[in-house]
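Below are the chains, spelled out letter by letter.
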4 protein chains.
Amino acid sequence: MHSLFDRFRRGELRLIRIEAFSDGVFAIIVTLLVLELKVPVLKDHASVGELAHHLLEALPKFVSWLISFIIVCKFWLNHHHILGLARHADYGMVWLNSLFLLGQSFIPFPTALAGEYPSNPLAVSLFGVVFALNTVLFLILQSYIVRRLIKPELAAHQDPRGMLKALIGPASYLVGVALAWVSVPLAFVAYALTPLFYITPPAPRRRVER
Amino acid sequence: MHSLFDRFRRGELRLIRIEAFSDGVFAIIVTLLVLELKVPVLKDHASVGELAHHLLEALPKFVSWLISFIIVCKFWLNHHHILGLARHADYGMVWLNSLFLLGQSFIPFPTALAGEYPSNPLAVSLFGVVFALNTVLFLILQSYIVRRLIKPELAAHQDPRGMLKALIGPASYLVGVALAWVSVPLAFVAYALTPLFYITPPAPRRRVER
Amino acid sequence: MHSLFDRFRRGELRLIRIEAFSDGVFAIIVTLLVLELKVPVLKDHASVGELAHHLLEALPKFVSWLISFIIVCKFWLNHHHILGLARHADYGMVWLNSLFLLGQSFIPFPTALAGEYPSNPLAVSLFGVVFALNTVLFLILQSYIVRRLIKPELAAHQDPRGMLKALIGPASYLVGVALAWVSVPLAFVAYALTPLFYITPPAPRRRVER
Amino acid sequence: MHSLFDRFRRGELRLIRIEAFSDGVFAIIVTLLVLELKVPVLKDHASVGELAHHLLEALPKFVSWLISFIIVCKFWLNHHHILGLARHADYGMVWLNSLFLLGQSFIPFPTALAGEYPSNPLAVSLFGVVFALNTVLFLILQSYIVRRLIKPELAAHQDPRGMLKALIGPASYLVGVALAWVSVPLAFVAYALTPLFYITPPAPRRRVER
């Protein structure tokens, strides 16, 4: 009864603090992203042309910032959805959640890398690898909740093909990773399009009226 | 029934997590603004005169910090007000909210730019463009909530001319944007005065007693 | 009835979001303070002596970090106390709260300044001026809540001499400000001792049993 | 009755705000850690080899980031556990909690130090000293809650040998501190293994059904 496995299933954790901690991490990530947009160093402080030139040159930074912001918001939304499925939390879920947040909190680094070196295929493909890994970490958390912690009244409405569909995400990011070695703009397009698969919740098999 | 449009109207989201996430983003933005106030590099570490000179030179940074702080607090307050009108949240609202937070989280960048280069009309006018865009993003979110998600008992008290009045905000910021090309201090005055239109809630048509 | 003054007294704000926003700001301030503790640049990466020397040289930064951390925690605690007195929030209170948070969020700047230039009397005295100003902003907020928003059952327990006692705080910080021009260590001692007046709640005139 | 000691035991604090403040601090710490992962400066922006070389060289930074992230998550989880034991909060608990958060918020500094100078025994051993100190601060907070504030129905389930077992943590970190002067990789291994003692809750003497 007190085996290692069992220890992770102890259910003394309140979902509200897990959500508060996770919401804090998500909120900080999306807001920290802007710190990578550095004020350019101008020779002539009053020169409109020089500032405009520097801002245009920093365009890839704005694009990578925008992509990461949308993707983290999407993860927040999906996270909100799956935590709403759980009837309570156990230690296993908390650690899978922490690993997922570890992946999320790493995102500012490849975002800065891809924004600084958009002509470097390694930098741009790392950007996508991190998104793919995050999606996998999310799917592991989701799978744990759906298998062990789901509210009984919601269990019947889960789509059994949900996990299969969910693999579209990592696959699509990995297409972007491959494209980075051919054409950076195409990779950015792949990264930007992928979250669109997830911006609305999975269609319920039977609509739940509330 | 499961059209794309309908998917955005699914209402399984709890307002409390949207508020927690948004409050986190607002709190981080106002606090990060201070990171742009850098400690000056002094040749003589003990020199009072040299430090005083550097602090006075950094005056535009303090002013832009102050303006952004007040404006973000104003947005937080207005956001608090409109989320209080909603009976629940749907995916459409969450995404409009995320776009609004995207705009908010961008504010530290033009704040730093205008504080660093107050003599550059492009830097100072960008500051106002970002505030005008944020107000527009806010109005779109407000309009969505008022049209689709408003609590029935509050619907009758909405001022139909509210949206028209609300356009005073972007218009006033854009006046500041134009003034930046004539006189930087006047632009700063326009930016600082605009939030004063919004520091109290819109007058209700009939006072709601609670 | 709809005079400017009256507009600030509209009471449609939930205390819980004001607390959430304030808690976020407090939490970020205390955590950002550590960013001023920079990793030193070593010539010999493996040299224990060189690293020890740099860490000892950075001692004033650790001291100013510690003082600011304790003082912000003290403000958080006092803030918690006075918001617990209010029966609800109005716009006047929210704006006074925002001004108070403005003062709080400024603290990392003079903390960094005093830590970087501990031999500069202006830097060290500014540190204390900011704490004195913050205490004044806090007292204004407290006074507004006690006069207008206090829960009826708590009103009788307020100490009428509370505001007078409260002025000990700014006075004590200003003693530190003056000492900074004579002896920096004495100023730091004054700053560090002042919060000790406030680390427990004001003694109630009659003990409230709960 | 109004002795200094008694003042700390006044019980007018709501646990929910203490948790909100603490959750905010934890969330910011884990997310700030990534800011130490700096984008490398490349001579040839498009060079895959040069970027790969810099990323491999930064490996100790990734390792120290990972260790600190897991350890802070572990502290968050243990903190969650002990605050769940308290029936309410008093000023003594709040100040012990603030001291604990002071220790937590310091973690990014030794993390950066050990990541930057992994060949420096002082840097690597400081990393472990800070973890050991944090564990001691946590144990003091835990002991205060268990002795004074515990919910009556939980008191019987506390393991009297819990504190003794808890000292394994600081002892294990201090082994790492000593190892740092012999072999840095061994020290990192000790730091990484220590939190594994605490990733699940202490076994209850009798299982509490909820």
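To start, this report covers the structure provided alongside it. Nothing here was measured: the structure is a model prediction, and the numbers come from that model.

**Regarding the overall build of chain A**
The helix and strand tally for chain A stands at 11 helices and 0 strands. Helices and strands in chain A line up, N terminus first, as α-α-α-α-α-α-α-α-α-α-α. Looking at chain A as a whole, 58% of its 210 residues qualify as buried. Within chain A, contacts between residues separated by at least 24 positions form 81% of all contacts whose residues are at least 6 apart in sequence. Element-wise, carbon and sulfur atoms account for 68% of the exposed surface of chain A, whose accessible area totals about 8700 Å².

**A few points about the nonpolar core**
Of all hydrophobic cores here, the largest spans 278 residues; its most connected members are Met93 of chain A, Met93 of chain B, Met93 of chain C together with Met93 of chain D. Methionine 93 of chain D has contacts with Leu15, Ile18, Leu83, His88, Leu141, Tyr144, Ile145 and Leu149 of chain D, leaving out every residue within four places of it along the chain.

**Let's talk about the environment of proline 40 of chain D**
Inspection of the secondary structure assignment puts proline 40 of chain D in the loop between α2 (15–32) and α3 (48–57). For the pair formed by proline 40 of chain D and isoleucine 18 of chain D, sequence separation is 22 residues and the distance between their alpha carbons is 39 Å. Not counting chain neighbours up to four residues away, the residues in contact with proline 40 of chain D comprise Leu113 and Tyr117 of chain A together with Leu51 and His54 of chain D.

**A closer look at the packing of aromatic side chains**
Per the counting criterion, the structure on display carries 64 aromatic pairs over all chains. On the basis of an interplanar angle of 40 degrees and a centroid distance of 5.4 Å, the ring pair of phenylalanine 131 of chain D and tyrosine 173 of chain D is categorised as tilted. Here the residue phenylalanine 131 of chain D occupies a position in helix α7 (residues 121–149), and tyrosine 173 of chain D occupies one in helix α10 (residues 168–179), the gap between them amounting to 42 residues. For tyrosine 173 of chain D, a relative accessible area of 0% translates into the label buried. These aromatic residues form a ring-pair network of at least three members: Phe62, Trp65 and Phe69 of chain A together with Phe106 and Phe109 of chain B.

**A look at the environment of glycine 128 of chain D**
All names here are of chain D. Within the fold, glycine 128 resides in helix α7. Spatially, the C-alpha atom of glycine 128 lies 19 Å from that of leucine 32, the residues being 96 residues apart in sequence. Those residues in contact with glycine 128, other than ones at most four positions away along the chain, are Tyr173, Val177 and Tyr191.

**Concerning the relation of the copies chain C and chain B**
For the match of chain C to chain B, the screw axis carries a shift of 0.0 Å, the RMSD comes to 0.0 Å, and the turn is 90 degrees. Read as a symmetry element, the transformation amounts to a four-fold axis. Identified as the residue of chain C closest to the rotation axis by C-alpha distance is glycine 24 of chain C, at 4.3 Å. A share of only 5% of the interface residues of chain C reappears at the interface of chain B, consistent with the copies meeting through non-equivalent patches.

**Thoughts on the relation of the copies chain A and chain D**
One copy of the chain maps onto the other through a rotation about an axis plus a displacement along that axis. Note on the copies: chain A fits chain D at an RMSD of 0.0 Å, the axial shift is 0.0 Å, and the rotation between them is 90 degrees. Interface overlap between copies is the fraction of interface residues in one copy that are interface residues in the other; for chain A against chain D it is only 5%, indicating separate surfaces.

**Some words on helix α6 (residues 108–116) of chain D**
Among the 9 residues in α6 of chain D, 8 count as buried, and that is most of the element. When we look at burial in α6 of chain D, the residues that qualify are Pro108, Phe109, Pro110, Thr111, Ala112, Leu113, Ala114 and Gly115 of chain D.

**Some remarks on the interface of chain C and chain B**
Across the contact, 40 residues belong to chain C and 46 residues belong to chain B. Surface buried jointly by chain C and chain B totals about 4100 Å² across both partners, of which 72% is contributed by carbon and sulfur atoms. Taken as a group, Arg17, Phe21 and Trp95 of chain C account for 19% of the area that chain C buries against chain B, more than any other trio of residues on that side. In this assembly, chain C and chain B are joined by 2 salt bridges. Put simply, glutamate 19 of chain B and arginine 17 of chain C hold a salt bridge, and the shortest N to O gap is 3.9 Å. The tally of links from chain C across to chain B stands at 6 residue pairs in polar contact (both at pLDDT 80 or more).

**Concerning a positive patch on the surface**
Together, Lys38 of chain A, Lys38 of chain B, Lys38 of chain C together with Lys38 of chain D line one region of the surface with positive charge. When you line up the elements, lysine 38 of chain A lands in the loop between α2 (15–32) and α3 (48–57). A residue is classified by how much of its surface remains accessible, and lysine 38 of chain A, at 56% relative accessible area, is exposed.

**Side note on the pattern of salt bridges**
Tallying each qualifying case throughout the model produces 12 salt bridges over all chains. Notably, a salt bridge pairs glutamate 116 of chain A with lysine 61 of chain A, separated by 2.9 Å at the nearest N-O pair. Placement of glutamate 116 of chain A in helix α6 (residues 108–116) and of lysine 61 of chain A in helix α4 (residues 59–83) is noted, with a sequence separation of 55 residues between them. You can call glutamate 116 of chain A partly exposed: its relative accessible area is 30%. Assessed through its relative accessible area of 21%, lysine 61 of chain A is described here as partly exposed. Across the pair aspartate 23 of chain C and arginine 17 of chain D runs a salt bridge, and its minimum N-O distance is 2.7 Å. Residue aspartate 23 of chain C is located in helix α2 (residues 15–32), and its partner arginine 17 of chain D is located in helix α2; the two belong to separate chains. Salt bridges linked by common partners bring Arg17 of chain A together with Glu19 and Asp23 of chain D together as one network.

**Points about the interface of chain A and chain D**
Across the contact, 40 residues belong to chain A and 46 residues belong to chain D. For the pair chain A and chain D, the two sides together bury roughly 4100 Å², of which 72% comes from carbon and sulfur. It is Arg17, Phe21 and Trp95 of chain A that lose the most area in chain A upon contact with chain D, and together they represent 19% of the buried surface on that side. If you look at where chain A meets chain D, you find 2 salt bridges. Our enumeration of links across chain A and chain D arrives at 6 residue pairs in polar contact (both at pLDDT 80 or more). Those elements that provide at least two residues to the side of chain A that touches chain D are α1 (4–7), α2, α5 (91–106), α6 and α7 (121–149) of chain A.

**Re the packing of α4 of chain A against α6 of chain A**
Residues and elements named next belong to chain A. Between α4 and α6, the least distance of the axes is 7 Å, while the angle of their chain directions is 150 degrees. By the angle between their axes, α4 is roughly antiparallel relative to α6. Between α4 and α6 lies a crossing of right-handed hand. When α4 is examined against α6, the residues Pro60, Lys61, Ser64, Trp65 and Ser68 are found in contact with a partner set consisting of Thr111, Gly115 and Glu116.

**As for the packing of α2 of chain C against helix α5 (residues 91–106) of chain C**
All names here are of chain C. At a minimum axis distance of 10 Å, the contact between α2 and α5 shows a crossing angle of 5 degrees. What the angle tells us is that α2 and α5 run roughly parallel. Residue-level inspection shows Leu15, Ile18, Phe21, Ser22, Val25, Phe26 and Ile29 of α2 in contact with α5, the latter providing Met93, Val94, Asn97, Phe100, Leu101, Gln104 and Ser105. Its residues assigned to classes, the contact of α2 with α5 shows 10 nonpolar, 4 polar and no charged.

**Observations regarding the environment of alanine 112 of chain C**
For alanine 112 of chain C, the location among the structural elements is in helix α6 (residues 108–116). Along the backbone, alanine 112 of chain C and alanine 123 of chain C are 11 residues apart, and their C-alpha atoms lie at a distance of 9.2 Å. Ignoring any residue separated from it by four or fewer positions in sequence, one finds alanine 112 of chain C in contact with Val39 of chain B together with Glu36 of chain C.

**Here we look at a nonpolar patch on the surface**
All names here are of chain A. A cluster of nonpolar side chains, contributed by Val129, Leu133 and Leu174, occupies part of the molecular surface with about 240 Å² of accessible area. Tracing the backbone shows leucine 133 in helix α7. On the basis of relative accessible area, leucine 133 is assigned to the exposed category, the value being 51%.

**A short note on the side chain of histidine 80 of chain B**
Its place among the elements puts histidine 80 of chain B in helix α4 (residues 59–83). With a relative accessible area of 2%, histidine 80 of chain B lands in the buried category. Excluding residues within four positions of it along the chain, histidine 80 of chain B makes contact with Leu13, Arg14 and Arg17 of chain C.

Cut-off values and rules
- Residues numbered from 1 in each chain as written.
- Chains lettered and ligands numbered in written order.
- Predicted model: local features only at pLDDT ≥ 70, side-chain atom pairs only at ≥ 80, totals over all residues.
- Heavy atoms only, no water.
- Helix = DSSP H or I, 4+ residues; strand = E, 2+ residues; numbered from the N terminus.
- Buried < 20%, exposed > 50% of the residue type's maximum accessible area, 1.4 Å probe, protein only.
- Contact = heavy atoms within 4.5 Å.
- Areas by Shrake-Rupley, 256 points an atom, 1.4 Å probe, with all protein chains shown as cover.
- Core = buried A, V, L, I, M, F, W, Y, C linked by side-chain atoms within 4.5 Å.
- Phe/Tyr/Trp six-rings, centres within 6.5 Å; stacked < 30°, edge-to-face > 60°.
- Least-squares fit on C-alpha atoms with pLDDT ≥ 70 in both.
- Buried area = accessible area lost by both parts, 1.4 Å probe.
- Salt bridge = Lys/Arg side-chain N within 4 Å of Asp/Glu carboxyl O.
- Polar contact = N/O pair within 3.5 Å; in protein donor to acceptor, adjacent residues only side chain to side chain.
- Patch = residues over 30% accessible without salt bridge, like charges linked within 9 Å, V, L, I, M, F, W, Y side chains within 5 Å.
- Lys, Arg positive; Asp, Glu negative; His and termini not counted.
- Charge placed at Lys NZ, Arg CZ, Asp CG, Glu CD.
- Axes fitted to C-alpha atoms, helices over the stretch in contact; angles between N-to-C directions.
- Parallel < 35°, antiparallel > 145°, perpendicular 65-115°, else oblique.
- Left-handed = near helix turned anticlockwise from the far one by under 90°.
- Nonpolar A, V, L, I, M, F, W, Y, C, P; charged D, E, K, R; others polar.

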